[in-house]
Amino acid sequence: MKQYIIYLLTLTLIFQLSCAKKMGETSAKVKKDPFIEDLLKKMTLDEKLGQMSLFTTDWESTGPTIRAGYQNDIRSGRCGALFNSHTVDFTTKLQKIAVEESRLKIPLLFGYDVIHGYKTMFPIPLGEAASWDLFAIENSAYIMSKEGAAAGLHWTFAPMVDISRDPRWGRVLEGSGEDPFLGSRIAEARVRGIQGKQTGQTDRLLACVKHFAAYGAPNAGRDYNPAEISERVFREVYLPTYASAVKAGAKTVMTSFNDYDGVPASGNKYLLTDILRKELGFDGFVVTDYTSINEMVKHGVVKDETDAGILAIQAGVDMDMQGGVFQEKIKDGINDGRIKEEQINQSVRTILKIKKDLGLFEDPFKYSSKERESNTILSKAHLEASHDMAKRSIVLLKNDNTLPLKDKTIKILVTGPLADDKNNLIGAWSASGEGRHCVSMYEGLRAHENSKRCTFEYIKGCNVDDKDKSQFEIVLEAAKKADVIILAIGENKDMSGEATSRTMIRIPGVQEELLLALKAIGKPIITVVMNGRPLVLDKVHDHSNAVLETWWLGTQAGHAIAEVIYGVYNPSGKLPMTFPRNEGQIPIFYNEKNTGRPFNPNDKYSSKYIDIPNTPLYPFGYGLSYTSFTFGPPLSNKKLYSLKENVVVTVEIQNTGNYPGEEVVQLYIRDLVSSVTRPVKELKGFQKVFLKKGEKKTLSFTLTPNDLSFYNQNMEWVIEPGDFEIFIGGDSDTQNKVKITIL
Ligand code: NOJ
């Protein structure tokens, strides 16, 4: 066995150790601020616990109202923050109660789930991730933040950075897919976009990194289920995105509902203190997810809510979302000494400091400008940015040259339940977004100037999720007269998101049957899929001439899809998550281990299924273009590198097709021999590059020792000498590689 040398990854670790020294407690140790210390001295215990309590208004179900009880809590200082409270009118009304009627006049903090848009909706986060375009993603996060802040908000519960390898879990919609490297870069971009450089700008919100931790690994893909994964997998796959978001400066972190290694996240000191505070150096405040303190009773780790609250405080929670446990139940724990009041003071300090940094003590109505609200929300520039992001998020999954519909005069049949639908385009977690502001695919197709050379017929054909086939006959008659069929099928927006786990992830209802019936007519079919997660698209693939994955693209969806169909925009999206052939392959992901019996078609006793190939339908990183790109071999100007050296690899890429276009050039590594098994491929770099027809470019990638490191058997982060393969290509299947050796 090869001897291994531990190379301490200096900067990260030194940083971690120094943080560990500084923190050493469950709550952040913020530098004492005389104003806050003075305020703290005046606060009663109830008022302190009030600052640690967050409640929802009744907005979501009943319009802008708040229960009388909560209003009284604001008056008595027993509620310091509200969520689902937005619009300048409503937040101003609530803020007035706090600063005019409460004893200490501490302003409220207003939060909301602004996840992929406030009113101008952008593609769902999984869709944006398919763009691999960090600049566009940061800009989209900025715009949603700007609209939210213009509506009186201070805080969004985003970004959700949960990595997931399981498309049965509906919340994959809200993350950036399966890969820790791509996910980390996107997490950083989103935090930057949401928060900007400094707290207190009136066009930015506070970010909330969620859900800490491992919420994306629920057993069997069922929401809220425990995450039963090893420490190694947790640290290598799930932790990096949270770490990157914290390093990018996120001011708040939300706990998750699940337990990790037997301990629910909201009572998990290892997660919240040892890792989050000490290792990652997080110095903002930790809020729980919705009533997750109370839920620790049902998890069975505490006998009642008082004990749950005490466990949460001891673990490192600063703010209780909606559970009322901090407000009502934990005073006993303080009185009998199980919690020290200084621990409460630490949490309150951190929360008040953030309110102060927002500028709320100087001006509690800083974010309450009616003029800014009306000039900002749904502005022309925001709609343009949403349009741009939407087209970058589309992935071309199949094309036999039916697309693009360029320079042809044709009769188009537009059909499918989502073809002229607006309401689903905003997707789940759509904040204040409204379907009526969206452009449907059919509207987009007709609105584009290229539509002048086309004639259209539109028939809905069927619904998303029932068995009614009564329109099939007229659709098929229309298909006979058409030159091409554009069929939009997929999920309704409430089929992916929170609490929407599915065991069967095919296109629901009779939509596939409609496709098959159309196929029998013999006309070219362009299938446009709209959905919130990877689906089983085997039939769609087999029976369509072209397939576009369009997720839920937001307010400008129809315009973006039309530009791709007409060839005005050449699609460049790449899948951020593997699409399986069927559900039995799940979990399926590209960065798997090799096994001792890797796949061998001629050996029964190798790792495989007897009924289906091991490979997915579409791998991670996959996506076609209207042009073609040719890669030269990856080149390294030397073969041998020392342990501390950066490895530099270059590659030449050429646009060898007939259209200008963008390619996402992806770099993967494989550590060939190491003291613990390593994935067959790991993404470690990517660049999105635009090439004119015939154009060539040479790209350079630098891999640091950190990029080549992993946790050894002692869970030390090391780089081991030996051979590495470095692959560069257009998706995770690439075999275009060079070998280098670390000495
Ligand atoms: C529960 C969800 O898990 C979380 O992501 C969200 O922020 C809260 N509810 C508040 O709506």
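Residues numbered from 1 in each chain as written. Predicted model: local features only at pLDDT ≥ 70, side-chain atom pairs only at ≥ 80, totals over all residues. Heavy atoms only, no water.

(A) Highlighting the sheet that holds strand β11 (residues 395–399). The strand order across the open sheet formed by six strands is β11-β16-β15-β14-β12-β13, and the pairing between neighbours is mixed. Every other strand in the sheet has two partners, leaving β11 and β13 (454–459) as the edge strands with one partner each. Going from strand to strand, the sheet's axes swing by 20 degrees on average, the running direction of each strand aside. Judged from the six bridges that link them, strand β14 (residues 484–490) and strand β15 (residues 525–530) form a sheet pairing that is parallel. Counted as the bridge partner of Ala-488 is Val-528 from β15. Here helix α20 (residues 472–481) sits on the sheet in contact with β12 (410–415), β13 and β14, set at roughly 160 degrees to β12. (Pairing = 2+ DSSP bridges. Helix = DSSP H or I, 4+ residues; strand = E, 2+ residues; numbered from the N terminus. Axes fitted to C-alpha atoms, helices over the stretch in contact; angles between N-to-C directions. Contact = heavy atoms within 4.5 Å.)

(B) Here's a closer look at the side chain of Asn-545. By the secondary structure assignment, Asn-545 is in the loop between α22 (538–543) and β16 (546–549). Overall, Asn-545 belongs to the buried group, its relative accessible area being 17%. A polar atom in the side chain of Asn-545 sits 2.8 Å from the side chain of Asp-400. Excluding residues within four positions of it along the chain, Asn-545 makes contact with Lys-398, Asn-399, Asp-400, Thr-402, Lys-523, Pro-524 and Ile-525. (Buried < 20%, exposed > 50% of the residue type's maximum accessible area, 1.4 Å probe, protein only. Polar contact = N/O pair within 3.5 Å; in protein donor to acceptor, adjacent residues only side chain to side chain.)

(C) How the structure looks around the packing of helix α9 (residues 180–195) against helix α10 (residues 231–247). One can describe the packing of α9 onto α10 by two numbers: an axis separation of 8 Å at closest approach and a directional angle of 20 degrees. If you check the angle between α9 and α10, you find them roughly parallel. Our pair here, α9 against α10, has a crossing hand that is right-handed. Residues Pro-180, Gly-183, Ser-184, Arg-185, Ala-187, Glu-188 and Val-191 of α9 form the contact with α10, whose participating residues are Glu-236, Val-237, Pro-240, Thr-241, Ser-244 and Ala-245. Of the residues belonging to the contact of α9 with α10, the class tally is six nonpolar, four polar and three charged. (Parallel < 35°, antiparallel > 145°, perpendicular 65-115°, else oblique. Left-handed = near helix turned anticlockwise from the far one by under 90°. Nonpolar A, V, L, I, M, F, W, Y, C, P; charged D, E, K, R; others polar.)

(D) Up close: the packing of aromatic side chains. Tallying each qualifying case throughout the model produces 25 aromatic pairs. Pairing Phe-83 with Tyr-290 gives two aromatic rings, centres 5.9 Å apart and planes at 85 degrees, and the pair type is edge-to-face. Here Tyr-290 lies in the loop between β9 (285–287) and α12 (295–299) and Phe-83 lies in strand β2 (residues 81–83), a separation of 207 residues in the sequence. Assessed through its relative accessible area of 3%, Phe-83 is described here as buried. With a centroid separation of 5.0 Å and an interplanar angle of 90 degrees, the aromatic rings of Trp-169 and Tyr-215 are classed as edge-to-face. Here Trp-169 is found in the loop between β4 (155–156) and α9, whereas its partner Tyr-215 is found in the loop between β5 (208–212) and α10, with 46 residues between them in sequence. Residues Trp-169 and Tyr-215 agree in their burial class; the two are buried. Three or more aromatic residues link up through ring pairs in this structure, and these residues are Trp-132, Phe-181, Tyr-590, Phe-620, Tyr-668 and Phe-686. A cation over a ring is seen here: Lys-210 above Trp-429, with NZ or CZ 5.4 Å from the ring centre. (Phe/Tyr/Trp six-rings, centres within 6.5 Å; stacked < 30°, edge-to-face > 60°. Lys NZ or Arg CZ within 6 Å of the ring centre and 35° of its normal.)

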